[in-house]
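# Examining the three-dimensional arrangement
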Amino acid sequence: LAQPRSHFWDILDVGTLREMGLTLLIVSLVLFVSAMMLLGANVSELRQGYARVQQSNEALLELASVDTEILRVEMTVRGYVLSGDPIYLTWKQMETSALQDRVATFDSVFRDDPVQMANLKTLKYLLSEHRAFFDDLSRRAPSDRAAVVTEIIGYSKRVGRRGIEDHLLTMRAKEMKN
């Protein structure tokens with residue numbers, strides 16, 4: 001028993017596909033090359049997106065570390081005021097240098113963002129005030145320990161670094177929007 005032939009085989013027998021073979025090959029190559037170009041563009045965009053996310057994550061980690069560095073500076077000054085041991089001044093200098101180095105990295109992290117660069121300028125100013133305050137406490141501690149302790153307690157009660165913390169929160173929020 002012979003199977004009935006489909007319409008497809010009739011077209012093959014006529015030779016229509018054979019005649020269109022070169023045209024179909026060219027069309028398929030054009031479609032393939034176009035698809036590869038689109039795929040390459042998408043991969044490039046994904047890489048750029050990943051780089052932006054990586055930069056934002058780095059900025060967020062660095063911003064979070066500033067808080068820690070500030071607390072370390074404050075703790076070393078408190079240690080010096082309470083104990084009078086000059087090793088705390090050495091540690092304070094190390095912590096202050098670490099904080100300055102960390103903030104210096106922000107110039108490269110935020111260089112493409114004018115809003116964050118303006119925020120960074122304000123943050124640097126707030127940190128310089130903070131540093132001046134604690135440097136002054138360190139200088140006065142040997143001669144006026146009681147007054148310095150009172151100022152440190154007052155600073156802690158009013159959360160003297162609140163401006164810095166609020167500004168860091170603003171910078172983090174801006175970075176999260178990016």
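On a predicted model such as this, the values are computed, not experimentally measured, just so you know.

## Comments concerning the packing of aromatic side chains
- As enumerated under the stated definition, the model contains 5 aromatic pairs in all.
- Ring geometry for F133 against F134: centres 5.2 Å apart, planes inclined by 85°, an arrangement best described as edge-to-face.
- We classify F133 as partly exposed; its relative accessible area is 22%.
- When the centroid spacing of 5.1 Å and the interplanar angle of 90° are considered together, the rings of F134 and Y155 count as edge-to-face. Of this pair, F134 sits in helix α5 (residues 114-140) while Y155 sits in helix α6 (residues 145-157), and the two are 21 residues apart along the sequence.
- F134 sits in the buried class, given a relative accessible area of 1%.

## Quick look at the packing of helix α3 (residues 87-104) against α5
- Where α3 contacts α5, the two axes come as close as 12 Å, and the packing angle between them is 175°. On the basis of their axis angle, the class for α3 and α5 is roughly antiparallel. Across from L89, K92, Q93, T96, L99, Q100 and V103 in α3, the residues of α5 making contact are L120, K124, L127, R131, F134, D135 and S138.
- Tallied by class, residues from the contact of α3 with α5 come to 6 nonpolar, 4 polar and 4 charged.

Rules and cut-offs
Residues numbered from 1 in each chain as written. Predicted model: local features only at pLDDT ≥ 70, side-chain atom pairs only at ≥ 80, totals over all residues. Heavy atoms only, no water. Phe/Tyr/Trp six-rings, centres within 6.5 Å; stacked < 30°, edge-to-face > 60°. Buried < 20%, exposed > 50% of the residue type's maximum accessible area, 1.4 Å probe, protein only. Helix = DSSP H or I, 4+ residues; strand = E, 2+ residues; numbered from the N terminus. Axes fitted to C-alpha atoms, helices over the stretch in contact; angles between N-to-C directions. Parallel < 35°, antiparallel > 145°, perpendicular 65-115°, else oblique. Contact = heavy atoms within 4.5 Å. Nonpolar A, V, L, I, M, F, W, Y, C, P; charged D, E, K, R; others polar.

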